[in-house]
Amino acid sequence: MPRILPDRWRFLSRLLPYLAAQKSRLAAGFVCILLTNLFIIGMPLVVKYAVDDLSQSLNRQKFAMYAGLIVLLAIFEGIFRFSMRWLLIGASRDAEYAIRNDLFRKLESLPVSFYQKNKTGDLLSRVTNDLSNVRMLLGPGIMYSFNTMVTAIFAISLMLKVSWSLSLMVLIPLPLVSFSVRHFGKRIHRLTEESQERLADLSARVQESMAGVRVVKAFVQEDREIEDFRKLNGSLMEKNYELIRSTSVFYPIMQFTIGLATILVLWFGGRQVVQEIG
């Protein structure tokens, strides 16, 4: 394991020049993430002050003011969320375009012996599906990772400020979340790689069949080619089914932990409110 991590980071470091070319859009996207989370955190604070005013004198003017603030915060949050996606995902699209161009120029410069050793279908799979996954890493992967980090910092800070006891109760399900992410993450990663490999085999077989279609017809091997294609396609579908089953278990577990945290907050937080009112 210690030998694998440096290699992975070394491979990922090759993407840094493409990210550096988009540094201004990435920086603007990160600023939009910060502002988006600030406006999101601002909405429950407005609700908090509105609820506190219930025990004093909440008239129509104050009610309209709080409602207007929530609507205004929601509008700004939507604007910056859209800008965040537009900037970061757009930057990943441009980076993908540059990577594809560099890869195509590299393929043009390779000798014939390289194409004799490697299947054309496998290369096609790598320049299409694999590069799409790279774009997902550079765009949504970076965006959601940074957004999750910022949201956790802002949310936990606000929660601790309001009530440290309720905050600790909300964090109780976190070990289950960490275990689930680690367990299912490894499985989903492995199944995704296996699915990509089988897709590459299928693409290679289709390319070979299309290139040698005259030979196939000459020796009357159409039925055999169809059967081989059916087997390869079935193998790919089985692997995708396994991947779907894993994700279908993973996401309900995440929703269950969120629901558990919500129940804890409503139960203990509600009792605290009742005690304070009583």
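Reading the values: the criteria
Residues numbered from 1 in each chain as written. Predicted model: local features only at pLDDT ≥ 70, side-chain atom pairs only at ≥ 80, totals over all residues. Heavy atoms only, no water. Helix = DSSP H or I, 4+ residues; strand = E, 2+ residues; numbered from the N terminus. Rg over C-alpha atoms; globule rule 2.2 N^0.38 Å. Buried < 20%, exposed > 50% of the residue type's maximum accessible area, 1.4 Å probe, protein only. Contact = heavy atoms within 4.5 Å. Areas by Shrake-Rupley, 256 points an atom, 1.4 Å probe, with all protein chains shown as cover. Lys, Arg positive; Asp, Glu negative; His and termini not counted. Charge placed at Lys NZ, Arg CZ, Asp CG, Glu CD. Patch = residues over 30% accessible without salt bridge, like charges linked within 9 Å, V, L, I, M, F, W, Y side chains within 5 Å. Salt bridge = Lys/Arg side-chain N within 4 Å of Asp/Glu carboxyl O. pLDDT = per-residue confidence, 0-100. Phe/Tyr/Trp six-rings, centres within 6.5 Å; stacked < 30°, edge-to-face > 60°.

Asks: Just to check I follow, could you spell out the overall build of the protein chain for this structure?
Replies: When helices and strands are tallied, the protein chain shows 10 helices and zero strands. Secondary structure elements of the protein chain, listed N to C terminal, follow the sequence α-α-α-α-α-α-α-α-α-α. Its C-alpha radius of gyration of 26 Å places the protein chain more than 25% over the 19 Å reference for a compact globule of 278 residues. If you line up the protein chain on its principal axes, its C-alpha atoms span 90 × 40 × 40 Å. Per-residue burial for the protein chain yields a buried fraction of 26% across its 278 residues. Contacts spanning at least 24 positions in sequence make up 86% of the contacts within the protein chain whose residues lie at least 6 apart. Total accessible area on the protein chain is roughly 19,200 Å²; 68% of this is exposed by carbon and sulfur atoms. A gap of 5 Å separates the mean positions of the 34 positive and 23 negative side-chain charges of the protein chain.

Asks: Help me understand a nonpolar patch on the surface, please; the structure alone is not making it clear to me.
Replies: Taken together, Val 71, Leu 72, Ile 75, Phe 76 and Ile 79 make up a surface patch of nonpolar side chains, about 430 Å² in accessible area. Along the chain, Ile 79 falls in helix α4 (residues 60–109).

Asks: Which parts of the structure should I look at to understand the confidence of the model for the protein chain?
Replies: As a general rule, the predicted coordinates of low-pLDDT regions are not to be interpreted in detail. When pLDDT is averaged along the protein chain, the result is 85, and 95% of the positions lie at 70 or above. For the stretch residues 1–5, pLDDT sits under 50, and the model shows zero contacts to residues farther than four places along the chain or on other chains.

Asks: Sorry, what's going on with the packing of aromatic side chains here?
Replies: Two measures describe an aromatic ring pair: the distance that separates the ring centres and the angle between the ring planes. Tallied over the full model, the rule gives six aromatic pairs. Measuring from ring centre to ring centre gives 5.5 Å for Phe 39 and Phe 76, while their planes differ by 20°; the resulting arrangement is stacked. Of the two residues, Phe 39 is situated in helix α3 (residues 23–54) and Phe 76 in helix α4; the sequence distance between them amounts to 37 residues. When the centroid spacing of 5.3 Å and the interplanar angle of 85° are considered together, the rings of Phe 114 and Tyr 115 count as edge-to-face. Following the ring pairs from residue to residue traces out a cluster consisting of Phe 39, Phe 76 and Phe 80.

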